[in-house]
Amino acid sequence: MNYKNLITRRSFFFTSFPFLISKFVIANDFCDYTIPQPTGPFYKTPELLKNLDMTNNGKAKGDIINISGKIMNTSCIPYKNAIVDIWQANYYGKYNHNNDSSFLNLDKNFNGYGRIITDNEGNYKITTIYPGSYKVFDKFTRTPHIHFLVSIPNKTFSTQMYFLNEKQNKNDPILSNTKNSSKLIVPLKPSNKSEFKTSKFNIII
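Residues numbered from 1 in each chain as written. Predicted model: local features only at pLDDT ≥ 70, side-chain atom pairs only at ≥ 80, totals over all residues. Heavy atoms only, no water.

**Let's talk about the confidence of the model for the chain**
- When pLDDT is averaged across the chain, the result is 88; 85% of the residues are at 70 or more.
- Between residues 3-29, whose pLDDT stays under 50, and residues either more than four places distant or in other chains, the model counts 6 contacts. (pLDDT = per-residue confidence, 0-100. Contact = heavy atoms within 4.5 Å.)

Following this line, the structure appears as structure tokens:
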């Protein structure tokens with residue numbers, strides 16, 4: 001028996017084992033299809049953002065947050081040059097859209113719409129504000145959320161991102177009637193690289 005080869009193989013296995021396990025975990029836990037959500041009545045084609053800051057250099061009303069993630073398929077292969085449209089209500093809960101006829105305040109420093117192109121690794125990143133909630137009618141209040149519409153060749157995909165520990169989540173009919181809705185809810189965490197809290201939201205299509 002060639003003990004040198006045996007040791008080499010064993011060493012390769014045990015040094016590779018954590019990597020193989022991590023790849024397995026990623027494939028099973030993080031590369032399942034993202035749950036779709038309705039686009040809603042307030043979508044409009046956004047302009048491509050030249051800088052990825054929707055807060056007008058911090059002038060927009062509200063708590064500034066950073067959101068990043070990857071656009072991937074179920075094999076965890078990233079989509080480069082995917083088009084990611086992002087839109088949301090402002091701090092007061094109003095969209096910058098003609099269909100939003102509420103009497104809530106507009107924020108001249110927050111347009112609320114942006115388009116991003118993913119990089120070669122499928123990454124996107126944007127700086128925005130924590131969105132306000134708004135009442136649709138008496139017993140229908142939308143919890144804070146952010147819309148995403150992803151376009152890749154021959155396919156578009158719409159979903160919404162929600163925030164962990166947001167008290168209004170339980171009263172949102174769209175979120176509460178979504179199966180496995182917890183997969184759309186992300187935590188906001190302090191960042192070592194920024195004074196603002198961050199969230200990671202990967203989209204698998």
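**Here's the deal with the packing of aromatic side chains**
- Tallied over the full model, the rule gives 9 aromatic pairs.
- Residues Tyr-91 and Tyr-92 carry aromatic rings whose centres are separated by 5.2 Å and whose planes lie at 80° to one another, so their mutual orientation is edge-to-face.
- Accessibility expressed as a relative area gives 40% for Tyr-91, which makes it partly exposed.
- Relative to Phe-148, the ring of Tyr-124 has its centre 5.9 Å away and its plane inclined at 65°; by these criteria the two rings are edge-to-face. Taken together, the residues Tyr-124 in strand β4 (residues 123-129) and Phe-148 in strand β7 (residues 145-152) connect sequence positions 24 residues apart. The pair Tyr-124 / Phe-148 is uniform in exposure class, with both members buried.
- Members of the aromatic cluster, connected to one another through ring pairs, are Phe-42, Tyr-95 and Tyr-134.
- Positioned over the ring face of Tyr-91 is Lys-61, at 5.2 Å from the centre of the ring. (Phe/Tyr/Trp six-rings, centres within 6.5 Å; stacked < 30°, edge-to-face > 60°. Buried < 20%, exposed > 50% of the residue type's maximum accessible area, 1.4 Å probe, protein only. Helix = DSSP H or I, 4+ residues; strand = E, 2+ residues; numbered from the N terminus. Lys NZ or Arg CZ within 6 Å of the ring centre and 35° of its normal.)

**A closer look at the state of the cysteines**
- Overall, the coordinates contain 1 disulfide when judged by the stated rule.
- Disulfide partner of Cys-31: Cys-76, at an S-S distance of 1.7 Å. Taking the sign of the S-S torsion, about 120° here, the bridge from Cys-31 to Cys-76 comes out right-handed. Of this pair, Cys-31 sits in the loop between α1 (3-30) and β1 (64-72) while Cys-76 sits in the loop between β1 and β2 (83-87), and the two are 45 residues apart along the sequence. (Disulfide = S-S within 2.5 Å.)

**What to know about the sheet that holds β2**
- As summarised here, the arrangement of the 5 strands in space is β3-β2-β7-β8-β9, forming an open sheet in which the pairing is mixed. With partners counted over all chains shown, the strands left at the sheet margins are β3 (113-117) and β9 (185-186), one partner each.
- In this structure, β2 lies alongside β3, joined through 5 bridges in antiparallel fashion. Across the sheet, the residue bridging to Trp-87 is Tyr-113, located in β3. (Pairing = 2+ DSSP bridges.)

**Describing the environment of Asn-98**
- Mapped onto the elements, Asn-98 comes out in the loop between β2 and β3.
- What makes Asn-98 exposed here is its relative accessible area of 79%.
- Note: C-alpha distance between Asn-98 and Phe-42 (56 residues apart in sequence) is 8.0 Å.

**A word on the pattern of salt bridges**
- Scanning the model with the defined rule gives 3 salt bridges in all.
- Between Arg-115 and Asp-85 there is a salt bridge, with the nearest N and O atoms lying 2.6 Å from each other. With Arg-115 in strand β3 and Asp-85 in strand β2, the pair connects residues that are 30 residues apart, well separated along the chain.
- Classification of Asp-85 by relative accessible area gives buried; the value is 0%. (Salt bridge = Lys/Arg side-chain N within 4 Å of Asp/Glu carboxyl O.)

**Digging into the environment of Ile-126**
- Relative to the elements of secondary structure, Ile-126 occurs in strand β4.
- Among all residues touching Ile-126, those that are not within four sequence positions of it are Leu-49, Leu-52, Met-54, Ile-65, Asn-66, Ile-67, Ile-86 and Ile-116.

**Considering the side chain of Asn-169**
- Positionally, Asn-169 belongs in the loop between β8 (155-163) and α2 (173-176).
- One polar contact links the side chain of Asn-169 to the main-chain carbonyl oxygen of Phe-163, over a distance of 2.8 Å.
- With residues near it in sequence (within four places) discarded, Asn-169 still touches Thr-143, Tyr-162, Phe-163, Leu-175 and Ile-185. (Polar contact = N/O pair within 3.5 Å; in protein donor to acceptor, adjacent residues only side chain to side chain.)

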